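# An overview of the molecular structure
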Amino acid sequence: MMVVMNLAEAIGSGLDEALAGDERVVLLGEDIGRNGGVFRVSNGLQDRHGEAKVIDTPVAESGIVGTAIGLAIGGMRPIVEIQFMGFSYPAFDQIASHVARMRNRSRHRFTVPMVIRLPYGGGIGAAEHHSESNEAIYVNTPGLKVVVPSSPYDAKGLLASAVADPDPVIFLEPIRLYRAVKEEVPDGAFDVPIGRAKIIQEGQDVTIITYGAMTKECRAAARQLDAEGVSVELIDVRTLVPLDVETLVASVAKTGRAVVVNEAARTGGYAAEIVAQLQHEVLFSLEAPIERVTGWDTVFPLKKTESYYLPSVARIVAAARTTLEA
């Protein structure tokens, strides 16, 4: 049976099925039980599964992740929620020094099969440290897989794959999309494989590559360009680590032009990694330099000016036109 869900509901459904289907799964986080989480993603789960399975923790991100490490090594499958990506920095030592390294450090004797959920991104008028898009620090930490769903279907399916994975997964949730998109999602369990990009629409003239919240703007840009007679191939990367280079290369080799979009700051942002991979693999197929559309190299601004920071439909369309005019 299919049920229409938004992204937040789809993740909540995935958490519910993970708890019901595997006695090893536990949820840990601040206010995730009684209050259902800051975004109400886990609303009602403590009532259904009990306080031993859905655990309200102290406000101590390092302690939450540290506890989950021990649970995972001991055979459990913990799912940690950090309220905002900007609140994950106190736990970064645990993540980089222990979560990501345990398999290597123990010569594969121990693994840390855990999921760390990080709501991220701007566009909701939040306060400081509530709008970060610093996925690059996790991408640049060997030993972690990094997943970014942008649709309800993908969110539920990728979460199931993340929970089942034998290694730690950073599960980024675009806050701005929690209730912005709805689609039919299977009521039962299913999975979407980690490491495969999704071609949202096929085209011949230019490839637009993105992930997370930026898929909304890129869809709108593709519609505008399509109306102008430009055939756009739009790809949602979905998984930053491992990256599905094969799908991206095949697309850009076909179109000869590419625009890569990320919300994060320009310098060292993940778009730069995608561009580097493409330059190496399809240089002689390119008809124009690859364009990047990103945030700016500054602290994410507060509500009145955040629209100037976020990549807009107009900037994405302009970048595509630049590649077509080269």
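Residues numbered from 1 in each chain as written. Predicted model: local features only at pLDDT ≥ 70, side-chain atom pairs only at ≥ 80, totals over all residues. Heavy atoms only, no water.

Relative to the helices and strands, Glu128 resides in the loop between strand S5 (115-120) and helix H6 (136-139). Separated by 171 residues in sequence, Glu128 and Val299 place their C-alpha atoms 9.1 Å apart. (Helix = DSSP H or I, 4+ residues; strand = E, 2+ residues; numbered from the N terminus.)

Applying the stated criterion across every chain yields a total of 13 salt bridges. Salt-bridge contacts for Asp154 lead to Arg238; the nearest nitrogen and oxygen are separated by 3.1 Å. Here Asp154, found in helix H7 (residues 152-164), pairs with Arg238, found in the loop between strand S11 (232-236) and strand S12 (239-241); they are 84 residues apart in sequence, far enough to count as distant. For the pair shown, Asp154 and Arg238 are each scored as buried. The network of salt bridges with common partners includes Glu81, Arg117 and Glu173. (Salt bridge = Lys/Arg side-chain N within 4 Å of Asp/Glu carboxyl O. Buried < 20%, exposed > 50% of the residue type's maximum accessible area, 1.4 Å probe, protein only.)

Here we come to the sheet that holds strand S10 (residues 206-210). Hydrogen bonding along the main chain pairs the strands of a sheet, whether they run parallel or antiparallel. The five strands are arranged S9-S11-S10-S13-S14 in an open sheet whose pairing can be described as mixed. Two strands lie at the open edges of the sheet, namely strand S9 (198-201) and strand S14 (291-293), each paired on one side alone. Across this sheet, the average inter-strand angle for adjacent strands is 25°, counted without regard to direction. Inspection of the sheet shows S10 paired to S11 by five bridges, in the parallel sense. Bridged to Thr210 within S11 is Asp236. Lying on the sheet, helix H9 (residues 245-255) is in contact with S9, S10, S11 and strand S13 (258-261); it crosses S10 at an angle near 155°. (Pairing = 2+ DSSP bridges. Axes fitted to C-alpha atoms, helices over the stretch in contact; angles between N-to-C directions. Contact = heavy atoms within 4.5 Å.)

With that settled, consider empty space enclosed by the protein. In this approach the atoms are scanned with a rolling probe the size of a water molecule, which exposes any empty space left behind. Scanning all chains against the criterion turns up one cavity of 30 Å³ or more. The computed volume of the largest cavity comes to approximately 40 Å³. Counting only elements with at least two residues in the lining of the largest cavity, the list comes to strand S2 (25-29) and strand S4 (77-81). Here the lining of the largest cavity is built from residues that sort into five nonpolar, one polar and two charged. (1 Å grid on protein atoms, 1.4 Å probe; cavity = no way out; pocket = protein on both sides within 12 Å on 5 of 7 lines; lining within 4 Å. Points joined across faces, edges and corners; volume = space filled by probe spheres on them. Nonpolar A, V, L, I, M, F, W, Y, C, P; charged D, E, K, R; others polar.)

Here we have seven strands laid out as an open sheet, ordered S3-S2-S4-S5-S7-S6-S12, and mixed in their pairing. In this open sheet, the two edge strands, each paired with only one partner strand, are strand S3 (54-56) and S12. When strand polarity is set aside, the average angle formed by the axes of neighbouring strands in this sheet is 20°. With three bridges connecting them, S4 and S5 associate as parallel partners.

One turn of an α-helix holds 3.6 residues; hence residues three or four places apart share an orientation. The terminal C-alpha atoms of helix H1 (residues 7-21), which comprises 15 residues, lie 21 Å apart, in line with the 21 Å expected from a rise of 1.5 Å per residue. Leu7, Ala8, Ala10, Ile11, Gly12, Ser13, Gly14, Leu15, Ala18 and Leu19 are the residues of H1 that are buried. The residue sitting at the N-terminus of H1 and contributing the capping side-chain oxygen is Asn6; that oxygen lies 3.2 Å from the backbone nitrogen of Ala8. (Expected span 1.5 Å × (residues − 1). Polar contact = N/O pair within 3.5 Å; in protein donor to acceptor, adjacent residues only side chain to side chain.)

Further remarks concern the pairing of S11. Among the five residues of S11, five are classified as buried, and the element is accordingly described as predominantly covered. Across the two faces of S11 the burial is the same, with Val232, Leu234 and Asp236 and Glu233 and Ile235 all buried. Examined bridge by bridge, S9 and S11 share three bridges and lie antiparallel to one another. Of the residues in S11, the one forming a bridge with Ile199 is Ile235.

Another point: the nonpolar core. Counting 46 residues, the largest nonpolar core has Val65, Met114, Ile116, Ile170, Ile209, Ile274 and Leu278 as its most contacted members. Residue assignment for this core shows that the elements contributing at least two residues are S2, helix H3 (61-73), helix H4 (92-99), S5, strand S7 (169-174), H9, S13 and helix H10 (270-282). The dominant element in this core, judged by the number of residues it contributes, is H10, at six residues. Among all residues touching Val65, those that are not within four sequence positions of it are Val80, Ile82, Ala91, Gln94, Ile95, Val99, Met114 and Ile116. Counting 34 residues, the second-largest nonpolar core is a separate cluster that includes Leu15, Val41, Ile79 and Leu159. (Core = buried A, V, L, I, M, F, W, Y, C linked by side-chain atoms within 4.5 Å.)

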